[in-house]
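# Remarks on the overall topology
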Amino acid sequence: MTTHRTAAEGGGSGEPLVVLDHVDKWYGDLHVLQDIELTVHRGEVVVVIGPSGSGKSTLCRAINRLEPIDQGTITLDGEPLPAEGKELAALRAEVGMVFQSFNLFAHKTILENVMLGPVKVRGIKKDAAEKRARELLDRVGVGHQAAKYPAQLSGGQQQRVAIARALAMEPKVMLFDEPTSALDPEMISEVLDVMVDLAERGMTMVVVTHEMGFARTAGDRVVFMADGAIVEEATPEQFFTNPQSDRAKDFLGKILQH
């Protein structure tokens, strides 16, 4: 793990890239996102934490419209999120997403998984897509596994392939929804190391995670959610050493004792 970045190193000093403005979402009577206002700047790493059921994953999934919202607006690079159709597909190409489960195509090799989006969605020629895919697989440490199928890899390796696959689309922002929660403990650090490397290279990231070490070292800002609302936002240093809200103090008290 590396130390925290300064703004000059890409710590969120850029212009607004993702803007959520008065966003609300209900599941029936359950108000899962409550008047969310959040701006993620270009090059910033925003880590979203909070207790289970606080709306973190819903927030993350709303940013690429996997979850439709009921009120408010979300813009990406100044453009409102399209509702459906080709425009939505184009938007999703700009927003990389890494889930809890790796969602790789089981019947395709690792290399084919990473090449698929650039060829099918971006229209990149196969030779160029393969070259880029191999570079990315090397970068995440699984280049030697390119010819294998997902089931032949460990969970940590599959998740690193999923990150490479998202990066192959050259997205403007990467969303991570609990990317390590399905992994065995010894595999977590290998995925977090790849994510720290991405952060240091200036990738704009929104990361929903339980990994407080990652939040502390790689995050530019911590967003603490509870009951569908953003309760507190601060730098990692401020949040972990001097949380302002009772909810955050209670949450940190519970998790940092273990």
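Residues numbered from 1 in each chain as written. Predicted model: local features only at pLDDT ≥ 70, side-chain atom pairs only at ≥ 80, totals over all residues. Heavy atoms only, no water.

The next thing to look at is the sheet that holds strand S6 (residues 95-98). Strand order in the open sheet formed by 6 strands is S6-S7-S8-S3-S9-S10, with mixed pairing between adjacent strands. The open sheet has two free edges, formed respectively by S6 and strand S10 (229-234), since each of these has just one partner strand. On average, each strand axis in the sheet is tilted by 20 degrees relative to the strand beside it, whichever way the strands run. Of the strand pairs in this sheet, strand S3 (residues 45-49) and strand S8 (residues 204-208) are connected by 4 bridges, and their pairing is parallel. Its bridge partner lying in S8, Val48 is registered against Val208. Lying over the sheet, helix H2 (residues 85-94) contacts S6 and strand S7 (173-177), oriented at roughly 70 degrees with respect to S6. Against the sheet, helix H9 (residues 246-256) contacts S3, strand S9 (221-226) and S10, and its axis sits at roughly 100 degrees relative to S9. (Pairing = 2+ DSSP bridges. Helix = DSSP H or I, 4+ residues; strand = E, 2+ residues; numbered from the N terminus. Axes fitted to C-alpha atoms, helices over the stretch in contact; angles between N-to-C directions. Contact = heavy atoms within 4.5 Å.)

Another point: the UniProt feature "domain: ABC transporter" (unreviewed entry) in the protein. Taken from the UniProt record, the annotation "domain: ABC transporter" (unreviewed entry) applies to residues 18-252. Taken end to end, residues 18-252 has its terminal C-alpha atoms 27 Å apart, with 39% of it in helix and 26% in strand. (UniProt positions renumbered as here; feature names shortened; annotations may be inferred.)

We now examine the packing of helix H3 (residues 110-120) against helix H5 (residues 155-167). Two elements in contact, H3 and H5, have axes whose closest approach is 8 Å; the angle formed by their N-to-C orientations is 25 degrees. Taken as axis vectors, H3 and H5 run roughly parallel relative to one another. At the point where H3 passes H5, the crossing takes the right-handed sense. Only Val161, Ala164 and Arg165 of H5 make contact with H3, whose side of the interface consists of Ile110, Asn113 and Val114. When its residues are assigned to classes, the contact of H3 with H5 shows 4 nonpolar, 1 polar and 1 charged. (Parallel < 35°, antiparallel > 145°, perpendicular 65-115°, else oblique. Left-handed = near helix turned anticlockwise from the far one by under 90°. Nonpolar A, V, L, I, M, F, W, Y, C, P; charged D, E, K, R; others polar.)

This paragraph deals with unusual backbone geometry. Of note in this structure, His22 is not a glycine but carries a positive phi near 50 degrees. Structurally, the position occupied by His22 is in strand S1 (residues 16-27).

Moving on: helix H6 (residues 185-200). Along its 16 residues, H6 runs 24 Å from first to last C-alpha, staying within 8% of the 22 Å computed at 1.5 Å per residue. In this structure, the buried side of H6 is in contact with S3, helix H4 (126-139), H5, S7, S8 and helix H7 (212-218). Positive phi shows up at Gly202, right after H6, with a value of about 90 degrees. (Expected span 1.5 Å × (residues − 1).)

What follows is about the packing of aromatic side chains. Taken as a whole and assessed by the stated rule, the structure comprises 3 aromatic pairs. A centroid spacing of 5.8 Å and a plane angle of 35 degrees characterise the contact between Phe224 and Phe239, whose relative ring orientation is tilted. Highlighted residues: Phe224 in strand S9 and Phe239 in helix H8 (residues 236-241), separated in sequence by 15 residues. Looking at Phe239, the relative accessible area reads 0%, which means it is buried. Seen in terms of ring centroids, Phe224 and Phe251 are 5.3 Å apart; in terms of plane orientation they differ by 50 degrees. Their pairing is tilted. Taken together, the residues span a long stretch of sequence, with Phe224 in strand S9 and Phe251 in helix H9 at a distance of 27 residues. (Phe/Tyr/Trp six-rings, centres within 6.5 Å; stacked < 30°, edge-to-face > 60°. Buried < 20%, exposed > 50% of the residue type's maximum accessible area, 1.4 Å probe, protein only.)

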